[in-house]
Amino acid sequence: MSALPVALLVLQSVLPAPISADSAEALRDAARRAEREYEYLMRHLIPSRFGSPVSASECDEIVGRFCLRYDDSGTPPSPPPPEEDPRVTRARQDAVESLRRAFAALPGELGTVGPLLRYLVEDGRAEEAVSAARTFTWASGDSVWGPFLEGYALHAAGDDSAAEARFDEGLRQLPPEERREFRSVEDLLAPDEKDRYEEMHREAQLAYERALWRLSDPLYMVPGNERRAEHLARRVWCRLLSGAPRVRGMTRWGNDLKELTIRYGVPTSRERIRYWSMTMSEGLIEHYDPKSLAFLPQALATAGFPETPAPGEPWPLDASRARGGFATKVVERLMPIAHQVSRFPRGDSVVLRVDGALPLDSLDNGPAAQFAAGLFLLDEEYEPVRVVRRAAHLEGDTAVVSFELTVAPGSYLYSLEMMEAERRFAGRARYRTEVAADSGGAPSLSDLLIARPFGSGAPPTGRADARLRARGNLVLSAADTVGLYAEARGLTPGLDGATHYSVSLAARRADGRPLLARALNWLGRTLGLADGDEPVALTWSDTGEQGRTAVLTVDLPLAPLEPGLYALDLVITDQVTGASESASRVIRIREPAER
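Residues numbered from 1 in each chain as written. Predicted model: local features only at pLDDT ≥ 70, side-chain atom pairs only at ≥ 80, totals over all residues. Heavy atoms only, no water.

### What about the sheet that holds strand 9 (residues 372–378)?
Each strand in a sheet pairs with its neighbour through backbone hydrogen bonds, running either in the same direction (parallel) or in the opposite one (antiparallel). The following threshold applies: At least two DSSP bridges between two strands are needed for those strands to be called paired. What counts as a helix is a DSSP run of H or I of at least four residues, what counts as a strand is a run of E of at least two, and both are numbered from the N terminus. Here an angle of 0 to 180 degrees is reported between the N-to-C directions of two axes, which are lines fitted to C-alpha atoms, with helices fitted over the stretch in contact. Note on contacts: a residue pair qualifies if any of its non-hydrogen atoms lie within 4.5 Å across the two residues.
Read across the open sheet, the five strands follow the order 6-14-13-9-10; overall the sheet is mixed. In this open sheet, the two strands that pair with only one neighbour each are strand 6 (333–336) and strand 10 (384–391). Strand-to-strand, the axes of this sheet are offset by a mean angle of 20°, without reference to chain direction. In this structure, strand 9 lies alongside strand 10, joined through seven bridges in antiparallel fashion. When the bridges of strand 10 are listed, leucine 375 appears paired with valine 388. With respect to the sheet, helix 10 (residues 202–216) is in contact with strand 9, strand 10, strand 13 (410–420) and strand 14 (425–435), its orientation differing from that of strand 14 by roughly 135°.

Structure follows, in structure tokens:
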């Protein structure tokens, strides 16, 4: 059954004959009393504890009347939300019933449907909120707040594609200045980014906003943009909260509360702090969802979208001091995907390869765990250009996947995503990468691909060879041995018709610390491919067939590299022409205690 007949069925059951003005006022008064009772108890029954007042100097940021502190500033971790007091639950449900009676008689009144929807959402009854919002739209004919309230309810119900469509419909009906205010992103931007945004002409601002929201979408695998829908829903929430009845213990609504709501949403828990003093004063601490992540790019105009980080670097989404936050409801948990990006030049195109690994340590994956995976490619204007999907497979306690795309040279944003729908567990890696054109020189060398060791058997003869098992996670142990794989093209044949080349491989510290000479010497001595006194880990020579890609493979033990960041530098030299080309890959050797 479509949405419209559902709404009409509801209308037929809730729209009675017109009632008298006195009866209508009595219903409004009863609903308002029930609202006040709920709003009062929700604040009066907050858990309390004794503590010390916080001075302004201890605030990480001051927003109007409020002291904002981040979890990395020495504050105790946010407590888990306590079980709601049954009296609060009953008061909210009583308010819903009282508002429902008023709404049945007055279905076109915004002042009645607004709090009804808010309380239904807070009570976990989003589907009922959707029906009520549709009834209000039909009864009121309000071309702005009808769609806005439907979008608010649909977002709460998890239908973000439909929510965005309704929000956009409402936005189109607003006068230009009101539309600009409603969709404004300025509260979400750090000062430098906001300055750059305000310097743009309006068309550039609109392009910036489109890019900002596209890049903020938590998962491209899921229809709709949950983060943008959340932003617009928070705008509606501000309207509903500003109209809540004033009760004792409530902070007066103002621009500071509006800004915090737009940036972080509504608090998920509260606690009252009682201060030891002559007057026994008290304060209120509100905690935002600890699962919130920084989906919005923090410096899109001033620094651009972040490039692929070095292995083991902090996840940008987990920035504790982000300007805004949001806890996705699409999945229970979203994790970073460890991955490596490799480029294989092919004349005027490049094969872009992405290998990912998502650990499942905290997930009871079981035999039925099935991970869907996707690689989404956006161009330098952040417009989608390619999508590839396939199933990931499990290797022990890790979901792994590999993708290859042939692309033109340029700047791209890629989003590698994996999701287990049944357990609502997902991973994401979204970064910018440069895909350079073939220099036209000879030889042409690909990136260095880190793989599982090849062992004593025959090495892989190409990227499609099953013996090439790329590693997604490049945080390694000094006890590991890795396989190294690269491809060289354009080697010049000698008089015998064959190509002749030499290869050298060296490790260097990439974190500014000196590399111990004994590490380099040990690598050479162990493999027997270099003199122990040479500052080179490995060297070897080989020949190939004219016109064929030279496949370079070798196993490399990592002991005794100290913990830290290293660049593995591979250099191939064409022995016929003397020309050389190099490629590097960064790896991290973890501390022995790390897993």
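Now that the structure has been shown, we can carry on.
### Some thoughts on the environment of leucine 116
Quick reminder of the rule: The buried label applies to any residue whose accessible area, calculated with a 1.4 Å probe on protein chains only, is under 20% of its type's maximum; exposed applies above 50%, and partly exposed to all values in between.
Structurally, leucine 116 can be placed in helix 4 (residues 110–122). Residue classification places leucine 116 among the buried residues on the basis of a relative accessible area of 1%. A sequence separation of twelve residues divides leucine 116 from glutamate 128, and the C-alpha atoms of the two residues are 9.9 Å apart. Among all residues touching leucine 116, those that are not within four sequence positions of it are Val96, Leu99, Arg100, Phe103 and Ala132.

### Some thoughts on the packing of helix 11 (residues 226–242) against helix 12 (residues 255–264)
Just so we agree on the cut-off: Reported orientations rely on four angle classes, namely roughly parallel under 35 degrees, roughly antiparallel over 145, roughly perpendicular from 65 to 115, and oblique for the rest. Working rule for handedness: look at the near helix, and if it is turned counterclockwise from the far one by less than a right angle, call the crossing left-handed; if clockwise, right-handed.
Contact pair helix 11 / helix 12: the axes reach a minimum separation of 8 Å and the direction vectors enclose 155°. On the basis of their axis angle, the class for helix 11 and helix 12 is roughly antiparallel. The hand of the helix 11/helix 12 crossing is right-handed. Along its contact with helix 11, which presents Arg227, His231, Arg234, Arg235, Cys238 and Leu241, the element helix 12 presents Lys258, Thr261, Ile262, Arg263 and Tyr264.

### A closer look at the packing of aromatic side chains
Spelled out, the test is: Side-chain rings of Phe, Tyr and Trp (the six-membered ring for Trp) are treated as a pair once their centres are within 6.5 Å; stacked means planes under 30 degrees apart, edge-to-face means over 60, and tilted covers the remaining angles. Only Lys NZ and Arg CZ are tested; either one counts as a charge over a ring when it is within 6 Å of the ring centre and within 35 degrees of the ring normal.
Evaluation of the coordinates by the stated rule reveals twelve aromatic pairs. Ring geometry for phenylalanine 148 against phenylalanine 182: centres 4.3 Å apart, planes inclined by 10°, an arrangement best described as stacked. One end of the pair, phenylalanine 148, is in helix 6 (residues 145–156); the other, phenylalanine 182, is in helix 8 (residues 176–183), and 34 residues separate them in sequence. On the basis of relative accessible area, phenylalanine 148 is assigned to the buried category, the value being 1%. On the numbers, 5.3 Å between centres and 35° between planes, the contact of tyrosine 264 with tyrosine 288 is tilted. Of the two residues, tyrosine 264 is situated in helix 12 and tyrosine 288 in the loop between strand 5 (282–287) and strand 6; the sequence distance between them amounts to 24 residues. Neither tyrosine 264 nor tyrosine 288 differs from the other in exposure class; each is buried. Ring pairs connect the aromatic residues Trp145, Phe148, Phe167 and Phe182, which therefore count as one cluster. The positively charged end of arginine 430 is found above the aromatic ring belonging to tyrosine 220, 3.8 Å away from the centroid.

### Describing helix 6
Worth spelling out the cut-off: Here the expected length of a helix is defined as 1.5 Å per residue gap, with one fewer gap than residues.
Its twelve residues place the ends of helix 6 16 Å apart at the C-alpha level, agreeing with the 16 Å of an ideal helix rising 1.5 Å per residue. Of all twelve residues that make up helix 6, eleven are buried, and the element is covered over most of its length. Within helix 6 the residues assigned to the buried category are Trp145, Gly146, Pro147, Phe148, Leu149, Glu150, Gly151, Tyr152, Ala153, Leu154 and His155. Elements in contact with the buried residues of helix 6: helix 4, helix 5 (126–140), helix 7 (160–173), helix 8 and helix 11. Glycine 158 sits one or two residues past helix 6 and shows a positive phi near 90°.

### Describing the state of the cysteines
Spelled out, the test is: Whenever a pair of cysteine sulfur atoms sits within 2.5 Å, that pair is classed as a disulfide.
Tallied over the entire structure, the rule returns one disulfide. Here cysteine 59 engages in a disulfide with cysteine 67; their sulfurs sit 2.1 Å apart. As the torsion about the S-S bond is roughly -120°, the cysteine 59-cysteine 67 disulfide counts as left-handed. For cysteine 67, a relative accessible area of 38% translates into the label partly exposed.

### Some remarks on unusual backbone geometry
You will see that tyrosine 382, though not glycine, has its phi angle at about 65°, which is positive. Along the chain, tyrosine 382 turns up in the loop between strand 9 and strand 10. You can call tyrosine 382 buried: its relative accessible area is 14%. Phi at arginine 424 takes a positive value of approximately 55°, unusual for a residue other than glycine. According to the relative accessible area criterion, arginine 424 is partly exposed, its value standing at 28%.

### Some thoughts on the pattern of salt bridges
Opposite charge on two side chains permits pairing when their charged atoms draw close. Applied cut-off: Whenever a carboxyl oxygen of Asp or Glu lies within 4 Å of a side-chain nitrogen of Lys or Arg, that contact is scored as a salt bridge.
Scanning all chains against the criterion turns up 50 salt bridges. Where glutamate 128 meets arginine 125, a salt bridge forms, and the shortest distance between an N and an O atom there is 3.1 Å. Residue glutamate 128 is classed as partly exposed on the basis of its relative accessible area of 33%. Residue classification places arginine 125 among the buried residues on the basis of a relative accessible area of 19%. A single salt-bridge network, built from bridges that share partners, covers Glu84, Arg92, Glu97, Arg100, Asp123, Arg125 and Glu128.

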